[in-house]
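The residues making up each chain are set out below.
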Amino acid sequence: MPAASSGESPAPAAEPVPDLTTARLILRPWTVTEVEAVLRGDRGAHWAADFPAEGDQVIAGLFAEHPAWLGPYGHRQVIERDSGLVVGSIGLFWPPSDGALEIGYGIVESRQGRGYATEAVRALTEFAYAAPGVRSVHATVEPSNPPSIRVLEKAGFERCDDSPSPTDENASQADENGEGGVVLRYQAPPPAGR
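Okay, so let's go over this structure. (Residues numbered from 1 in each chain as written. Predicted model: local features only at pLDDT ≥ 70, side-chain atom pairs only at ≥ 80, totals over all residues. Heavy atoms only, no water.)

### Let's talk about the overall build of the protein chain
- In terms of regular secondary structure, the protein chain is built from four helices and eight strands.
- What you see in the protein chain, going N to C, is helices and strands ordered as β-β-α-α-β-β-β-α-β-α-β-β.
- The buried share of the protein chain, taken over its 194 residues, is 43%.
- Long-range contacts, defined as pairs at least 24 residues apart, comprise 63% of the intrachain contacts of the protein chain with a sequence gap of at least 6.
- A total of about 10100 Å² of accessible surface is found on the protein chain, and carbon and sulfur atoms cover 49% of it. (Helix = DSSP H or I, 4+ residues; strand = E, 2+ residues; numbered from the N terminus. Buried < 20%, exposed > 50% of the residue type's maximum accessible area, 1.4 Å probe, protein only. Contact = heavy atoms within 4.5 Å. Areas by Shrake-Rupley, 256 points an atom, 1.4 Å probe, with all protein chains shown as cover.)

### Here we look at the pattern of salt bridges
- Scanning the entire structure with this criterion turns up five salt bridges.
- A salt bridge links Arg-40 to Asp-42; its shortest N-O distance comes to 2.7 Å.
- With relative accessibility at 34%, the residue Asp-42 sits in the partly exposed group. (Salt bridge = Lys/Arg side-chain N within 4 Å of Asp/Glu carboxyl O.)

### As for the pairing of strand E5 (residues 100-107)
- Of all eight residues in E5, six are buried, a share of seventy percent or more.
- Relative to E5, strand E4 (residues 86-92) is paired through five bridges, and the arrangement is antiparallel. Paired with Ile-90 across the two strands is Tyr-105, which belongs to E5.
- Relative to strand E6 (residues 136-141), E5 is paired through three bridges, and the arrangement is parallel. Bridge assignment links Leu-101 to a residue of E6, and that residue is Val-137. (Pairing = 2+ DSSP bridges.)

No statement about biological role is implied by the geometric values presented.
Structure (structure tokens):
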């Protein structure tokens, strides 16, 4: 995968990136080989039948523009420990902007409803707060996506006061891709003692 000059700061460490392990999941950094397979439309034997989802394909397409997303504080595949299959992806949109860092996630349809997204969000949020320069972790979600809102709430995120309501006339009507829709902002409280 060719590297692009995006003007972004590189990821803070050049060491091997450790996996994050939870009770049921492994959050493993994407490899260049896997990114290229997604972009070519190849199937990995270690992928759930419905992986990659549309969001995974979009993220894989953006790695060349955002090389830091492949670093230690970037995006990871969500792997089901029992089966060893990739069932989604989760990531931090590195680097932080004024100490604020956004998290995004998605679990393939065949594995939704099992609490995997909540488990992964909790683990990556904890990891993010330990990263240099991170003072807050947030996520954006459309009000038309109640399952994602529940994931954030179960993971301890709280709706930001500055987040528009779906009926707010001043609400943002476009996301970062220029697509329409109101976007709500949720933030994770910092860990105790921070």
